[in-house]
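A look at the structure
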Amino acid sequence: MAGRTDLRRQAESRRQWAQRQGWTYEDERPALLERWRDAVIGAATGEWAARFAVSGPLEGRKVTVFDCVNSAPARGWPRQPRYGVQTVILVELSAALPLTAVSKHGLAVDTMVPLLKQVVRDRPDRHLHEIGDPAYDQVHVVETADPTAAERLLTPAVREFADDRAWLAWRVDGEHLCHARPPETDPLTHDDAALLEELRSLIRLADLVDPRPEDEAHPGTPAPAVRRPAVPPPRDTPATAPAPAAMYRGDAAHSGVFPAGRPPAGFEAWSVTLGGPVIAEPVVSAGTVLVNCTDGDCYALDAITGEPRWRFAARSRLTGSPAVAGGQVFVVGSDGVLHALGVHDGQERWQRTVGRSAAPVPDGGLVYVVHNPARALRDASGLRALDAATGEPRWESPLPEGSASGPAVADGRVHVHGATGALSAFDARSGQRLWHHPGRDTQLTCCTPSVVDGTLYVGTGRAELHAYDAATGEHRWGSQAAGVIDATPAVSGGLVLVGDSHGGAYACRADSGHPVWQLPSGYGASSVTISGGSAWLVTAKAGRRLVKVALADGAVRWRHALDDSGTSPAFADGIVYVGTGKGTVLALAADTGRGPRRGHRRLPR
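Cut-offs and rules
Residues numbered from 1 in each chain as written. Predicted model: local features only at pLDDT ≥ 70, side-chain atom pairs only at ≥ 80, totals over all residues. Heavy atoms only, no water. Helix = DSSP H or I, 4+ residues; strand = E, 2+ residues; numbered from the N terminus. Buried < 20%, exposed > 50% of the residue type's maximum accessible area, 1.4 Å probe, protein only. Contact = heavy atoms within 4.5 Å. Areas by Shrake-Rupley, 256 points an atom, 1.4 Å probe, with all protein chains shown as cover. Pairing = 2+ DSSP bridges. Axes fitted to C-alpha atoms, helices over the stretch in contact; angles between N-to-C directions. Salt bridge = Lys/Arg side-chain N within 4 Å of Asp/Glu carboxyl O. Left-handed = near helix turned anticlockwise from the far one by under 90°. Nonpolar A, V, L, I, M, F, W, Y, C, P; charged D, E, K, R; others polar. pLDDT = per-residue confidence, 0-100. Core = buried A, V, L, I, M, F, W, Y, C linked by side-chain atoms within 4.5 Å. Phe/Tyr/Trp six-rings, centres within 6.5 Å; stacked < 30°, edge-to-face > 60°. Lys NZ or Arg CZ within 6 Å of the ring centre and 35° of its normal.

Next up on the list: the overall build of the chain. Per the secondary structure count, the chain includes 6 helices and 40 strands. Looking at the chain as a whole, 58% of its 605 residues qualify as buried. Sequence separation of 24 or more characterises 54% of the internal contacts of the chain that already satisfy a separation of 6 or more. Carbon and sulfur atoms form 51% of the exposed surface of the chain, whose accessible area is close to 24,900 Å².

Take a look at the structure:
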């Protein structure tokens, strides 16, 4: 509910947003309410109006955002009247579809499904198609005069996309895809980035429901930015050797160990600000730093200077690290689409819908992804292997429970850690499950395991670090920490280094788990990056300090303050890289930690 002041603020916020986007703004659009009243507010009482309507092109589709506002509100307390408000998002389709669809609707089981069934009973020329599990509100319904049209909205890709988004209540009605936020949700806290994320998510769904030719824009709107060239660029040739594999925690086994090196002569520390927060560890390969931002862009920066090389605009938030292998960069967005990009130019080679997933792991010509459902403990999860060159599926294995970790690949096996502590190992070529330990943790964790010299290391929600035989699953030892261990362990020099949520960073013997040293921090620590006899991590309050320590005893060598919470560090050629929640990417000489002489550079949008 909102008051007059709230409505004025909403109008001004939407007006400014439309101006920034180059879109149109109208304070009232009666035709919208007439068209969508029954679909959005149904039989609700009161005098409603369609207010604060913003329309324009996005990703080649025409989109509209407006609020249904009760213009004759009941008196509230204190003296100011309160107004009922419901935000509606519309994405225009290329052509009208002769059906109505309701998908994964919170009211689907109790309201929408019975209503649609009544329509079918009253109109024998109509057909009802229903799939899903009513016990969990995962219901997809299509009511149509054309039975074949239902298949268009009930494809596995559409169902999986909707199931990944607990917030997404959508319907296709004629020429529009419509998403109405629940009335009880306050839409007057206007967040441009969040609203654009919802719009891009709806556009991705519209593309699944209403496929368009490559790069074909909606009539009357500008063509979208080119992401997929009509003629793919040539593959890397022997004269241009593919960039070496690089990914989260360095390699497919996530050892956290990086080759030693020194910065090139003349290197100066640098700092650039990107378009959105960086919450995933940067990846460095062949002189290029690859960074994913939550604004949906993947950036390639020169590792020595920070100058931009290319930028790829995905259609959704990028919250995991990119991965490089075979001349391609792999990124997966929150919309569940895995993109393969050319490492030298950022042009998209292929894409595949895999569902919302942890950071991809390429290895041996395949790329592995772990599907993370929105409700990890209730919805099915799975491990998938795709051909890295084409994106074609090779195999899929179900996981016994939802997982929030990425896969660790070593010695022909793929290891996956479940949200409640379950561990599973699969054959990397066939997907056959080799061994499994059930999970019983009550505190969830998203710790991605690491595998070194035949031993798997993983942290738990019970604040424990464990070691297992990677081939058999036999438990070797356990060691106690102070907080939840989400950080991936790093292993080198006979030591395992790991950060937790409350105690700081720990080092223990890799063969026994016996503690060696601790770097205390009441705010926990990130994953640890190791090179030679040194290690780097992010710690302190809100993760705002990059620290270098001696590997043998944990003695602090230097500290560098960050402008916001930092990612775990990456290392290459004597330079340490870290991203922050303010969108900053920082590169420092690993031995000295001296900051940039110049101020931040902000890359152009």
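There is more to say, and it comes next.
As summarised here, the arrangement of the 4 strands in space is E13-E14-E15-E16, forming an open sheet in which the pairing is antiparallel. Each edge of the open sheet carries a strand with a single partner, namely strand E13 (323-325) and strand E16 (348-353). For this sheet the average axis-to-axis angle between neighbouring strands, irrespective of direction, equals 20°. As paired elements, strand E14 (residues 328-332) and strand E15 (residues 337-342) share 5 bridges and run antiparallel to each other. Within E15, the position partnered with Val331 by the bridge is His339.

All right, on to the pairing of strand E27 (residues 464-469) then. E27 sits mainly inside the fold: 6 of its 6 residues count as buried. Judged by which residues are buried, E27 turns out to be covered on both faces: Glu464, His466 and Tyr468 on one side and Leu465, Ala467 and Asp469 on the other are all buried. Relative to E27, strand E26 (residues 455-459) runs antiparallel, the two being bridged by 5 bridges. Bridge pairing in E27 links Leu456 to Tyr468. Counting the residues in the hairpin turn of E26 and E27 gives 4 residues, including Ala463, whose phi is positive at 65°. One ladder, built from 5 bridges, connects E27 with strand E28 (residues 475-480); its direction is antiparallel. Bridged to Tyr468 within E28 is His475. As consecutive antiparallel partners, E27 and E28 are separated by 5 residues, and within that stretch Gly473 has a phi angle of approximately 85°, a positive value.

Counting across every chain of the model gives 18 salt bridges. Salt-bridge contacts for Glu59 lead to Arg200; the nearest nitrogen and oxygen are separated by 3.4 Å. Taken as a pair, Glu59 in the loop between strand E2 (48-58) and strand E3 (61-70) and Arg200 in helix H6 (residues 192-209) lie far apart in primary sequence, 141 residues in all. Ionic pairing is found between Asp411 and Arg413, a salt bridge with its closest N-O pair at 3.8 Å. Classification of Arg413 by relative accessible area gives buried; the value is 13%.

Once that is clear, we can look at the packing of helix H1 (residues 4-21) against H6. Any two packed helices are characterised by the angle at which their axes cross and by the distance between the axes. Interaxial distance between H1 and H6 falls to 12 Å at its minimum, and their mutual angle equals 65°. Relative to H6, H1 is oriented so that their crossing is right-handed. Of the residues in H6, those in contact with Arg14, Trp17, Arg20 and Gln21 of H1 are Asp192, Leu195, Leu196 and Leu199. In terms of residue class, the contact of H1 with H6 is made up of 4 nonpolar, 1 polar and 3 charged.

Right, let's get into the confidence of the model for the chain. Looking at the chain, pLDDT values average 82 and 75% of them are 70 or higher. Note that residues 74-81 has pLDDT below 50 and, in this model, 12 contacts with residues that lie over four places away or in other chains. Within the model, the stretch residues 214-239 combines pLDDT values under 50 with 41 contacts to residues more than four positions away or in other chains.

Another point: the sheet that holds strand E12 (residues 308-313). The strand order E9-E10-E11-E12 describes an open sheet built from 4 strands, whose pairing is antiparallel. One side of each edge strand has no neighbouring strand; the edge strands of this open sheet are strand E9 (283-285) and E12. Shown here is a sheet whose adjacent strand axes are inclined to one another by a mean of 20°, direction ignored. Direction of pairing for strand E10 (residues 288-292) relative to strand E11 (residues 297-302): antiparallel, over a ladder of 5 bridges. Each residue of the ladder has a partner; that of Asn292, found in E11, is Cys298.

Glancing now at the nonpolar core. One finds Trp17, Trp23, Trp170, Leu177, Leu199 and Leu205 to be the most contacted residues of the largest nonpolar core, which totals 31 residues. Counting only elements with at least two residues in this core, the list comes to H1, E2, E3, strand E4 (85-103), helix H5 (156-163), strand E7 (170-180) and H6. Here this core takes 8 residues from H6, the largest share from any one element. When neighbours within four sequence positions are excluded, Leu199 is seen to be in contact with Trp17, Trp23, Leu58, Val63, Val65 and Ile89.

So, about the packing of aromatic side chains. Evaluated as defined, the whole model comprises 6 aromatic pairs. Ring centres of Phe330 and Trp350 lie 6.1 Å apart, and the angle between their planes is 50°; this geometry places the pair in the tilted category. Of this pair, Phe330 sits in strand E14 while Trp350 sits in strand E16, placing them 20 residues apart in sequence. Residue Trp350 is classed as buried on the basis of its relative accessible area of 8%. Just above the ring of Trp36 sits the side chain of Arg35; from NZ or CZ to the centre is 4.3 Å.

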